[in-house]
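In case you want the letters, here they are:
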Amino acid sequence: MKKWQRPDSAPAQQAAAAVVDMPAAPASAPAGGEATPAVDADDTSDAPLDDARGRRPARGRERERESRSLLHGSAGPDRERGKKGKDRERDRRQWAVSDDAAPNGGTGGVGAGAKQRQYEAKRARQAERKAKSEDERGRARRGEARPDREVFIGGSTSVAQLAEKFGIKLVRLQRKMEQLGMGEEQRRAGYLLGVDQACDLALEFDLNPVVDEDRGFDIYPIAEPEGVTPPLRPPVVTIMGHVDHGKTTLLDALRHTSVAAGEAGGITQHIGAFSVPLSSLLSATSGGGGSSGGGGDGAQTITFLDTPGHAAFTGMRARGAHVTDIVVLVVAADDGVMPQTREVIELVKAEGDHVGLVVAINKCDKPAVDIAKVKSALGAEGIHLEEDGGDVPSVRVSGLARTGLDDLIETLATLAEIRDLRARRDGQAQGYVLESRVDKGRGNVATVLVSRGTLRAGASVVAGTTWCRVRQMADSSGRPVREAGPGTPVSLTGWKELPLAGDAILEAVAGEEAAKKCVANRLRDVASRRLAADLDAINARRIEERARALREAEVEAAVKEARGAGASVADALKELGGEADKANEQDEAKELRLVIKGDVSGTVEAVVGSLGGIGNAEARVKIVHTGVGDVAESDIALAEAAGATVIGFSVACPRAVQAAAATAAVPLLLDSVIYRLIDAVRARVAALLPPRIEHRVTGEAVVQQLFEIKVGRKDTKVIAGCRVGNGVISKADAVRVLRGDNRDIVFEGSIETLKHLKKDVAEVRKGTECGIAIEGFAGVKEGDEIVTVQKFEVPREL
């Protein structure tokens, strides 16, 4: 019997080679004969090596069984023990030998080879996890976002909803799609992407796509049928322009109401939407033409949207341009092109051919107006009117005198007919939230504009991260309606939470359960993005703390080095300490914290956008909380806990709430005009800025001679004999010692003694000689200039 050999020894390698070359032995004899045992490939007991070694047969057989069990994967003595040290190394080597022997040596080596592959796969996974952990730590040190945030994708997803899932802007996603070679049609907001395309885009943004039908469930707009011509729909016309150019007055003339008189400050603060029958418009004017705007029931009405003109409502005007078909740009004949006028022109240019433009030159009834100047200013902005050979129709109107309205209506109807505005009336309802508010008697109310389909009472709709089972619908006049078709603005009640202005509305055709499931998934995605943002903020804070600790270590090292070299510590810290002080000042910026309440969600967004940017690196605004509705005691409690100021915009504040605010010393600022509110907040932020120190020179004197007088037995004091050249030298003022032609400041301090002849005086005027002793400074020289200055604190402005 031979001795068991190590697999890496020469005899063992020869035996392994013999195993590879040997044919497989039959497992049993032919039928009727005695079973023949299988031939063991390692059985070399007849070799002379066994006798040459002279080992005991029992020990040799045990070694042989052990070797055979290892080669064939059977349970041997060492297999039952825990594999540590040499046992594990021996098994690894035996797995390698048996894996090579398996193809020709029967099934004995299959299990061992699989275990070796499992072992290697485990090591690879461990290495991958280690590399991933190191990469995450590196990203945390650099303040980068985590790359493995999961995004759940279920089925087809539109481009706009995919951008929401990723937590990025739609423009950024479309830009990435363009870089990947995707066509213009595929980059549309409503284009449906497949699962593979959505996963590929997720990987481009370092996200981990997870295909899960349940967790990725969402509601998508249905595809429009091909080859079917939908019916005409009412045109959506948006009135835009600069503040106080007469937009709302023009609309008052169209719908025979007086809205402008009730607007705070005479300016529109939110989007107004209403539909007017075309026949009513034509009959109200001076015999306007009978153009019906394309015929059919869908074109018998026109939907008007009135957007604010103040600069604070940029986002609201952008939403108005997004949902509109035709923009009426109102330009006052006595004011011309103004900043918000240019902004509207840029919005229309950005929309391209999707939005038509009509210029209405208002206030033409005023005397001495220069229409040519207005047209010239419009031409400078790239708007060329038809009457001057351009392609933009224009109308001269007066909202106050109600002149030119028939021409405006006929122009709108003709332009709508040319654009051939159509939308399906059946199927899923789609639209946009124009604004939302909290009504005491009706709860959460949202004004929506239906763009496709027909919205009916009792339907379940989803908007953003909330949903609604429509309990009641009302038109712009407050009359209840049972259904609303394309181009119709209605107010909806029944919202679980208040939707945000600008959110897209989609009907859950499958019912209420589908709406709940969709909203739950969207809320989970929002929470995931917030968690990722919190992690980024934590990482950034840690980076700042490490940088601060590094600066402190550098300062300490500079101090030790200066002390060891016998140099000045102040000079060593002059440059290094200045940078640290600047960093600390930046970290300790003062904040004006605000709790903002508004009447509707659109105006709250505008107020937040206007107030959030007020400030600089030293003092800034921080928005603690926003909400829609009247100021409540809970808002006062939140402001008291956060040390904030409560801002109420166009909302009521009951006396009980005002008393609670006074008791808690919470500042309360209520207003209904946006620019007054902005000025008030800017003044409060400016009050947080440290005052600017200014110095004013009050007197100048030149040192003509120095005198030394004894003070006590050993001490002497230097007295500067001076002549006052300008102003008044006062003992109460601060003093500076200037030297040389450049008038460098040698010392800055205070006057200890001021005498005229032998008398102590409080001040000395121009042309008078005096003696001055400066406190703590004896290095004054003849020819130096001594000036007195007064310090003033001047409030700073933003």
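Residues numbered from 1 in each chain as written. Predicted model: local features only at pLDDT ≥ 70, side-chain atom pairs only at ≥ 80, totals over all residues. Heavy atoms only, no water.

Now for the overall build of the protein. Scanning the protein from N- to C-terminus turns up 21 helices and 31 strands. Burial statistics for the protein: of 798 residues in total, 40% are counted as buried. Once local pairs closer than 6 in sequence are excluded, the contacts in the protein between residues at least 24 apart make up 71%. Of the roughly 42600 Å² of accessible surface on the protein, 50% is carried by carbon and sulfur atoms. (Helix = DSSP H or I, 4+ residues; strand = E, 2+ residues; numbered from the N terminus. Buried < 20%, exposed > 50% of the residue type's maximum accessible area, 1.4 Å probe, protein only. Contact = heavy atoms within 4.5 Å. Areas by Shrake-Rupley, 256 points an atom, 1.4 Å probe, with all protein chains shown as cover.)

Packing of helix α18 (residues 601–612) against helix α21 (residues 674–688) brings their axes to within 10 Å, and their N-to-C directions diverge by 35°. Note that α18 runs across α21; the crossing there is right-handed. Contact with α18, carried on its side by Val607, Ser610 and Leu611, involves Ile674, Leu677, Ile678 and Val681 of α21 and no other residues of that element. Its residues assigned to classes, the contact of α18 with α21 shows six nonpolar, one polar and no charged. (Axes fitted to C-alpha atoms, helices over the stretch in contact; angles between N-to-C directions. Left-handed = near helix turned anticlockwise from the far one by under 90°. Nonpolar A, V, L, I, M, F, W, Y, C, P; charged D, E, K, R; others polar.)

Turning next to unusual backbone geometry. At Lys363, a position not held by glycine, the phi torsion is positive, near 60°. Relative to the helices and strands, Lys363 resides in the loop between β9 (356–362) and α14 (371–380). Even without being glycine, Leu757 reaches a positive phi, approximately 60°. One can find Leu757 in the loop between β27 (744–756) and β28 (759–760). Judged by its relative accessible area of 76%, Leu757 falls in the exposed class.

When charged atoms on two side chains of opposite charge get close, those side chains can pair. For the structure on display, the rule yields 30 salt bridges. Between Asp218 and Arg522 there is a salt bridge whose closest N-O contact spans 3.0 Å. One end of the pair, Asp218, is in the loop between β4 (207–211) and β5 (236–241); the other, Arg522, is in helix α16 (residues 512–565), and 304 residues separate them in sequence. For the pair Asp218 and Arg522, a shared accessibility class is recorded, and that class is buried. The partner of Arg765 in a salt bridge is Glu763, with the nearest N and O atoms 3.3 Å apart. The exposure class of Glu763 is partly exposed, given its relative accessible area of 39%. Beyond isolated ion pairs, a larger network of salt bridges with shared partners links Lys375, Glu387, Asp388 and Arg396. (Salt bridge = Lys/Arg side-chain N within 4 Å of Asp/Glu carboxyl O.)

Let us look at the confidence of the model for the protein. Confidence in the prediction of the protein, expressed as mean pLDDT, is 76, and 73% of residues score 70 or more. When mean pLDDT is taken per element in the protein, strand β14 (residues 460–463) scores highest with 93 and helix α4 (residues 77–80) scores lowest with 43. The low-confidence segment residues 1–56 (pLDDT under 50) makes 50 contacts with residues lying over four places distant or belonging to another chain. pLDDT under 50 marks residues 284–299. Its contacts with residues more than four places away, or in other chains, come to 35 contacts. (pLDDT = per-residue confidence, 0-100.)

This part takes up the pairing of strand β20 (residues 590–598). Strand direction decides the pairing type here: β20 and strand β21 (residues 619–628), joined by nine bridges, are parallel. Bridging from a neighbouring strand, Val595 pairs with His625 of β21. Between the parallel elements β20 and β21, the chain passes through α18 in a crossover that is right-handed. Sheet topology note: the β20/strand β22 (residues 645–649) ladder contains five bridges and is parallel. By the bridge assignment, Lys597 is partnered in β22 with Gly648. (Pairing = 2+ DSSP bridges. Right-handed = clockwise from strand over helix to strand, strands pointing away.)

A word on the packing of aromatic side chains. Scanning all chains against the criterion turns up two aromatic pairs. When the ring of Phe166 is compared with that of Phe205, the centres are 5.8 Å apart and the planes differ by 50°; the resulting orientation is tilted. Taken together, the residues Phe166 in helix α7 (residues 159–166) and Phe205 in the loop between α9 (195–204) and β4 connect sequence positions 39 residues apart. Of the residues examined, Phe205 reaches a relative accessible area of 13% and is grouped as buried. Where Phe747 meets Phe777, the ring centres are 4.7 Å apart and the plane angle is 10°; that geometry is what we call stacked. On the criterion of sequence distance, the pair formed by Phe747 in strand β27 and Phe777 in the loop between β30 (769–774) and β31 (785–794) is long-range, its members being 30 residues apart. Considered together, Phe747 and Phe777 belong to a single accessibility category, that of buried residues. A cation over an aromatic ring shows up here: Lys176 above the ring of Phe205, its NZ or CZ 6.0 Å from the ring centre. The ring of Phe792 has Arg696 lying over it, and the distance from NZ or CZ to the ring centre is 4.1 Å. (Phe/Tyr/Trp six-rings, centres within 6.5 Å; stacked < 30°, edge-to-face > 60°. Lys NZ or Arg CZ within 6 Å of the ring centre and 35° of its normal.)

Quick look at the nonpolar core now. Counting 24 residues, the largest nonpolar core has Val237, Phe304, Val328, Leu408 and Leu412 as the members making the most contacts within it. Sorting the residues of this core by element identifies β5, α10 (247–255), β6 (272–277), β7 (301–306), β8 (326–332), β9 and α15 (405–419) as the ones contributing at least two each. Setting aside chain neighbours within four positions, we find Leu408 in contact with Leu250, Val328, Val358, Val395 and Val397. One finds Val344, Val348, Val374 and Leu385 within the second-largest nonpolar core, a separate group that totals 19 residues. (Core = buried A, V, L, I, M, F, W, Y, C linked by side-chain atoms within 4.5 Å.)

The next point concerns a negative patch on the surface. The grouping of Asp196, Asp200, Glu204 and Asp206 at the surface amounts to a negative patch. Tracing the sequence through the fold places Asp196 in helix α9. Note on Asp196: relative accessible area 61%, which makes it exposed. (Patch = residues over 30% accessible without salt bridge, like charges linked within 9 Å, V, L, I, M, F, W, Y side chains within 5 Å. Lys, Arg positive; Asp, Glu negative; His and termini not counted. Charge placed at Lys NZ, Arg CZ, Asp CG, Glu CD.)

Quick look at α15 now. Given a rise of 1.5 Å per residue, 15 residues ought to cover 21 Å, and the 21 Å separating the end C-alpha atoms of α15 matches this to within 8%. Here α15 has its buried residues at Leu405, Asp406, Leu408, Ile409, Thr411, Leu412, Ala413, Leu415 and Ala416. Remark: Asp420 follows α15 within two positions and exhibits a positive phi of approximately 50°. (Expected span 1.5 Å × (residues − 1).)

The sheet built from four strands is open, its strands ordered β21-β20-β22-β23 with parallel pairing. If you trace the sheet from one side to the other, it starts and ends with β21 and β23 (668–671), each paired once. The mean inter-strand angle of the sheet, taken between neighbouring strand axes irrespective of direction, is 25°. Running over the sheet, α21 touches β20, β21, β22 and β23 and is turned about 160° from β20.

Moving on, we get to the environment of Phe274. Structurally, the position occupied by Phe274 is in strand β6. You can call Phe274 buried: its relative accessible area is 3%. Each C-alpha atom, one on Phe274 and one on Asp475, is 7.6 Å from the other, the two residues being 201 residues apart in sequence. With near-sequence residues (within four places) excluded, Phe274 lies in contact with Leu251, Arg255, Ile302, Thr303, Phe304, Ser476 and Pro489.

Looking now at the pairing of β8. With respect to burial, β8 is a largely interior element, seven of its seven residues being buried. Side chains of β8 alternate between two faces, with Ile326, Val328, Val330 and Ala332 and Val327, Leu329 and Val331 buried alike. Where β5 and β8 come together, five bridges link them in parallel fashion. Note that in β8 the partner of Gly241 across the bridge is Val330. As judged from the seven bridges shared by β8 and β9, these two strands associate in the parallel manner. When the sheet's bridge partners are listed, Val330 is paired in β9 with Ala360.

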